[in-house]
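# Chains, contacts and geometry: an overview
Residue-level listing of the chains:
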Amino acid sequence: MKHLTLKLSVAACLLSSTSLFAQAPDTAVFGRIRRAELSSSQIPQIAHYLTDVAGPRLTASPGYKRAATWAIETMTKWGLTNAKLEPWGDFGKQWDLQDFSIVMKTPYIQPVTAYPNPWSASTNGLQQGRVVVISPQQAMDTVYIAQHLADFKGKFVLITGGKLDIEASFKPAAERLTDEELANMKDTYMVSHKEIEQYADYFKIMDKADVLIKQAGALGMITAPASNNYGTVFVQDMGQKLTSPLSVPKLSMAYEDGQKIKRLTESGHPVELAINIVAKTSTDDIKGYNVVAEIPGTDPKLKSQLVMLGGHLDSWTAATGATDNAAGCIVMMEAVRLLDSLGLKPKRTIRIALWDGEEQGVYGSYNYAKNHFMSIDYKLKPEQAKVSAYFNLDNGSGKIRGIFTQSNTAIKPIFEKWFEPFHDMGAKTVTTRNTGSTDHLSFDWAGIPGFQFIQDPLDYETRTHHSNQDSYDHLQIDDLKQAAIIVASFVYQTSVEKDMMPRKPLVKEIFAFDGL
């Protein structure tokens, strides 16, 4: 989820007190963690259960609950304590796809590549009808839609346009960061207020078009943008609030199929599709749930303090959400398994959290922060002062190459020292730059040191992110092992430091999606 925080005021508190120099990292423990992971990793098994077995993990869906329940049971078996589902607040409607088929019936029989959008309405049985094609610009023009309602009755409305970027196909779909790129890291995934307003306005307009098309008696609405190319189809939608009307049946289609239908229609060859969507929408349980579990601290004076790690468990539905973000959850679960199985004794309590609702606006972690750390009117809660740091992983399955400090200059030399034992694994970059769009922002908002690791991009943005290709086979298992070693080491070291991690001044902020 590409997310944003908007600054509303200046610093509200001073840096927390820290030692001038942090203690040297326990390289002996780092070595034990590395040897254990490389000799007896459980990453393939964790990955299999969170993806293949659980299936898609849409927020509030049965698939999410399957994955969450398995994670709780598994971490309990490993020896973690207080493993549970923790409600973060009200989410909205549950949705589960139960059956689906699509085929082009005329002018000849041929399969097409398409997927129902999350929270799509059912078709009420197999529906066959002609296709009417409109451009993305026409779809955004509610006046045009209102003037052509009669054209949509009893038909599937296909929205397609744009031009395939042939030159892009000559570039590698996957890549690793070069030394030069690492040395010149910029802010990433940081979205401006103007951009987020445009994003919100787009969905408001599309919602109006959706309502009009449904009122016209259309059979469904299909989008086939140029980005859905070369076998990759990106499938997502906004979540459904309790007050949201049920949409028309909606699908995302491969650009090549959409363009073929467009050309056939324009040349006088009517196209008919037969589509069946069976989806269950429910309000039986409107709440959202995070997964939490702990390794208790052992130092009587420090065990009430926390070191947290996590990643978001929810995903989209066209595949099984392997790189976004089972990968992060796999690494974090493996990290706590390593720490517990090696019998290491953290001084501070280590708490893992697998977040819900990230894809709709970091709902799970943001509401967790409001429930535990700071109210919406910026009143601090006692637990806020007890969290030393939070570590997040959510940019695919590429190996860790470094970390973003989120402008926390005091922590830079500490992390640089901690990374030294991992230079041979390709991880050494510590940048004071910022990265957004995921769950560490909720901690940063609450004045807690929150960090996202720098990862090799691989094919995350080009092929797997929110797409039908986001499956187990796109996980780089060796990269995940490397990440688990580093995360476990950083979490352990944070737990045994004499002092808590240095904090930035607390800045009053609000999430752009707050209240959505």
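Residues numbered from 1 in each chain as written. Predicted model: local features only at pLDDT ≥ 70, side-chain atom pairs only at ≥ 80, totals over all residues. Heavy atoms only, no water.

Among all residues except glycine, the phi angle is most often negative; among peptide bonds, the trans geometry is most common. Here the bond from Thr-106 into Pro-107 is cis, since omega is 10°, no more than 30 degrees from zero. Here Pro-107 lies in the loop between strand S3 (94–106) and strand S4 (110–111). Residue Asp-324 is joined to Asn-325 through a cis peptide bond whose omega torsion reads 0°. For Asn-325, the location among the structural elements is in helix H10 (residues 322–341). Of note, the phi angle at Asn-82 is positive, near 55°, even though the residue is not glycine. The topology assignment puts Asn-82 in strand S2 (residues 81–90). One non-glycine residue, Gln-406, adopts positive backbone phi at about 55°. Residue class for Gln-406 comes out buried when judged on its relative accessible area of 2%. (Helix = DSSP H or I, 4+ residues; strand = E, 2+ residues; numbered from the N terminus. Buried < 20%, exposed > 50% of the residue type's maximum accessible area, 1.4 Å probe, protein only.)

We now examine the nonpolar core. Within soluble globular proteins, side chains that are nonpolar tend to cluster in buried spots. One finds Leu-50, Ile-352, Phe-391, Phe-419 and Phe-453 to be the most contacted residues of the largest nonpolar core, which totals 71 residues. When sequence neighbours within four positions are dropped, the list of residues in contact with Phe-453 reads Phe-391, Asn-392, Leu-393, Asn-395, Ile-400, Gly-402, Ile-403, Phe-404, Phe-419, Ile-486, Val-487 and Phe-490. (Core = buried A, V, L, I, M, F, W, Y, C linked by side-chain atoms within 4.5 Å. Contact = heavy atoms within 4.5 Å.)

The full count for this structure, using the stated rule, is 25 aromatic pairs. Centroid distance Trp-355 to Tyr-368: 5.1 Å. Interplanar angle 65°. Geometry classified as edge-to-face. A residue pair is termed long-range when its members are at least 10 positions apart, and Trp-355 in strand S13 (residues 349–355) and Tyr-368 in helix H11 (residues 363–372) qualify at 13 residues. The class for Trp-355 is buried, based on a relative accessible area of 0%. Since its relative accessible area comes to 1%, Tyr-368 is described here as buried. (Phe/Tyr/Trp six-rings, centres within 6.5 Å; stacked < 30°, edge-to-face > 60°.)

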